[in-house]
Amino acid sequence: MIRLNCFVETKDGMYNKALEAAVALVAKSQKHAGCIAYDAFESATRSNVFTIIETWADQAALDAHSATPEFAEYVGIMQECGTLSVEQFEK
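Throughout what follows, the structure given in this document is the object of discussion. For clarity, every value in this text was computed on a predicted model and none was experimentally measured.

1. Some remarks on the packing of aromatic side chains
In total, this model carries 2 aromatic pairs according to the counting rule given. Plain terms: the ring middles of Tyr15 and Phe50 are 5.8 Å apart, the flat faces sit at 85 degrees to each other, and that makes the pair edge-to-face. Of this pair, Tyr15 sits in helix α1 (residues 15–29) while Phe50 is found in strand β3 (residues 49–56), placing the two residues 35 residues apart along the sequence. Of the two residues, Tyr15 and Phe50, both sit in the buried class. Plain terms: the ring middles of Tyr38 and Trp56 are 5.9 Å apart, the flat faces sit at 80 degrees to each other, and that makes the pair edge-to-face.

2. Some thoughts on the sheet that holds β3
Reading across from one edge, β2-β3-β1-β4 is the order of the 4 strands in this open sheet, with antiparallel pairing throughout. Each edge of the sheet is formed by a strand with only one pairing partner; in this case those strands are β2 (35–42) and β4 (82–90). With direction set aside, neighbouring strand axes in the sheet form an average angle of 15 degrees. Pairing analysis gives 7 bridges linking β2 to β3, with the strands arranged antiparallel. Along β3, the bridge assignment pairs Ala37 with Thr55. Across the sheet, α1 lies against β1 (2–10), β2 and β3, angled at about 165 degrees from β2, the strand it touches most.

Here is what the cut-offs are and how they apply
- Residues numbered from 1 in each chain as written.
- Predicted model: local features only at pLDDT ≥ 70, side-chain atom pairs only at ≥ 80, totals over all residues.
- Heavy atoms only, no water.
- Phe/Tyr/Trp six-rings, centres within 6.5 Å; stacked < 30°, edge-to-face > 60°.
- Helix = DSSP H or I, 4+ residues; strand = E, 2+ residues; numbered from the N terminus.
- Buried < 20%, exposed > 50% of the residue type's maximum accessible area, 1.4 Å probe, protein only.
- Pairing = 2+ DSSP bridges.
- Axes fitted to C-alpha atoms, helices over the stretch in contact; angles between N-to-C directions.
- Contact = heavy atoms within 4.5 Å.

Treat this as a map of the structure, not an account of what it does.
Here it is as structure tokens:
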């Protein structure tokens, strides 16, 4: 099982656009094979930060997810809107 914590810190005025892309990505990703959990969470203490937390059955499922057109589209939008950092944990 693989867990990813993706932190998105947005530029001024870009939060809503980035969050909309994240929510759209979550909706599509939850339907991907091997997806155990996938959701976005807003920070209670930082108004320009949200986190996407995802859990995948295995590396093959994560790789397939990362190769989808929607992943490229929505992650691209989030990257335009700010900085992404990812922590990966495997069990």
